[in-house]
Amino acid sequence: MRRSDCRLTSATWGARCGKSARRVLRGGTGTSGLTARPVPTHHNLDKSWLVQFVEHRVADPRILRLIQKWLNAGVMEEGEWSNTKTGSPQGSVISPLLANIYLHYAFDLWVNVWRKKWARGEVVVIRYADDVILGFQHQMDADRFLENLRERLGMFGLELHPDKSRRIEFGRFAEQNRKRRGEGKPDTFDFLGFTHISGKNRLGRFTVRRKTIRKRMGAKLREIKQQLRERMHDPVRQTGQWLKSVVQGHFNYYAVPGNLDSLGIFRDRLIGHWWRTLRRRSQKRPISWERTLALANRWLPQPRVLHPYPAVRFAASHPR
């Protein structure tokens, strides 16, 4: 199946070797943006179409038979088995690859043809699994593409998620265009754990600012809070080592330029949860806030940028 993975277009990311979420996060310069997500592909892909797509590249009958067994495995809910007419087995190791193959033929190849045939300006396409971001130079292209996309997905039993698909004005000229029309700031969009904001750097030049999604951070902090309660009576050293790995793992992904404030908020709130947990360990000698800060400075890393700016990364990957 590695050969099938290599056949996918360069705009396809996720569930592929060397195509991680970390590498796809780069700045953009489009004017009109379209953020789209099909209703979960794992549940809605048409099995007959999928088999045809796989047969287009795979001729080994043993592989085809194995894939058909996966597709016909059904699902187990509350101890009861039920057959599924559409979709691939959720949680199966093959499901992300099958979904990529399905969207490769249903979306990726069609987008490349549409861009060359109908687009009047530049078009940028990024697909990570079933999350799609498209940038258009002209709003007319974005509106037309959205209409054609709904028709295209309908041919293969898919549809856009009504709450997660929208067209926004975003990019280098979005702010001045909206200001000229008397409108507010450009809209933002969430992608791969970050809220992307059309902003400016210290020199007043356009840049894409990225902040940790608030809901994502809140969910992570609630999870840590619950685990701290379960570890309430563990040795402080052991809990400190665990929190160090949690904070460092969070920073390894979210420590991008411009996101230090969100990292600091995450660290401060985590320290607060740890302090309240330590105070509940004993009613006789509650730990002070100063002592908790000393423990945090010992075990928890400080926020710092761990990833270069997109322009620096691009220059390193494409030397002149």
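Residues numbered from 1 in each chain as written. Predicted model: local features only at pLDDT ≥ 70, side-chain atom pairs only at ≥ 80, totals over all residues. Heavy atoms only, no water.

A. The arrangement of the overall build of the protein chain in detail. Along the backbone of the protein chain there are 13 helices and 10 strands. Counting every position in the protein chain, which comprises 320 residues, the buried fraction comes to 44%. Taking contacts inside the protein chain between residues at least 6 apart in sequence as the whole, the part at least 24 apart equals 65%. (Helix = DSSP H or I, 4+ residues; strand = E, 2+ residues; numbered from the N terminus. Buried < 20%, exposed > 50% of the residue type's maximum accessible area, 1.4 Å probe, protein only. Contact = heavy atoms within 4.5 Å.)

B. Structural context of the side chain of Asp141. Tracing the chain through its elements places Asp141 in helix 7 (residues 139–155). Although Asp141 is buried, it forms no salt bridge, and the closest oppositely charged side chain is Arg120 at an N-O distance of 5.6 Å. For Asp141, the contacting residues outside a window of four places in its chain are Trp114, Trp118, Ala119, Arg120, Gly121 and Phe136. (Lys, Arg positive; Asp, Glu negative; His and termini not counted. Salt bridge = Lys/Arg side-chain N within 4 Å of Asp/Glu carboxyl O.)

C. Fine view of the nonpolar core. By size, the foremost hydrophobic cluster in this structure holds 35 residues, and its most contacted members are Val54, Tyr102, Phe107 and Phe145. Elements represented by at least two residues in this core include exactly helix 4 (47–55), helix 5 (61–71), helix 6 (95–117), strand 5 (123–128), strand 6 (131–136) and helix 7. Broken down by element, this core gets its largest block of residues, 11 residues, from helix 6. Every residue in contact with Val54, bar those within four places of it in the chain, is listed here: Leu64, Ile67, Leu98 and Ile101. (Core = buried A, V, L, I, M, F, W, Y, C linked by side-chain atoms within 4.5 Å.)

D. The arrangement of the packing of aromatic side chains in detail. Across all of its chains, the model carries 14 aromatic pairs by this definition. Plain terms: the ring middles of Trp114 and Phe136 are 6.3 Å apart, the flat faces sit at 85° to each other, and that makes the pair edge-to-face. You can see Trp114 sitting in helix 6 and its partner Phe136 sitting in strand 6, a full 22 residues away along the chain. On the basis of relative accessible area, Trp114 is assigned to the buried category, the value being 3%. With a relative accessible area of 0%, Phe136 lands in the buried category. For the ring pair Trp114 and Phe145, a centre distance of 5.0 Å and an interplane angle of 80° mean the geometry is edge-to-face. Note that Trp114 is positioned in helix 6 and Phe145 in helix 7, a separation of 31 residues in sequence. Taken together, the aromatic side chains of Trp49, Phe53, Tyr102, Tyr105 and Phe156 make up a single cluster linked through ring pairs. If you follow Arg231 out to its NZ or CZ, it ends over the ring of Trp242, 4.2 Å from the centre. (Phe/Tyr/Trp six-rings, centres within 6.5 Å; stacked < 30°, edge-to-face > 60°. Lys NZ or Arg CZ within 6 Å of the ring centre and 35° of its normal.)

E. Expanded view of the sheet that holds strand 9 (residues 194–200). With antiparallel pairing, three strands are arranged side by side in an open sheet as 8-9-10. The open sheet is flanked by strand 8 (189–191) and strand 10 (206–212), the only strands paired with a single partner. Neighbour to neighbour, the strand axes of the sheet diverge by 40° on average, direction disregarded. Where strand 8 meets strand 9, three bridges bridge the pair, whose relative direction is antiparallel. Looking at strand 9, one finds that Asp190 is bridged to Thr195. (Pairing = 2+ DSSP bridges. Axes fitted to C-alpha atoms, helices over the stretch in contact; angles between N-to-C directions.)

Geometric values such as these leave the question of function open.
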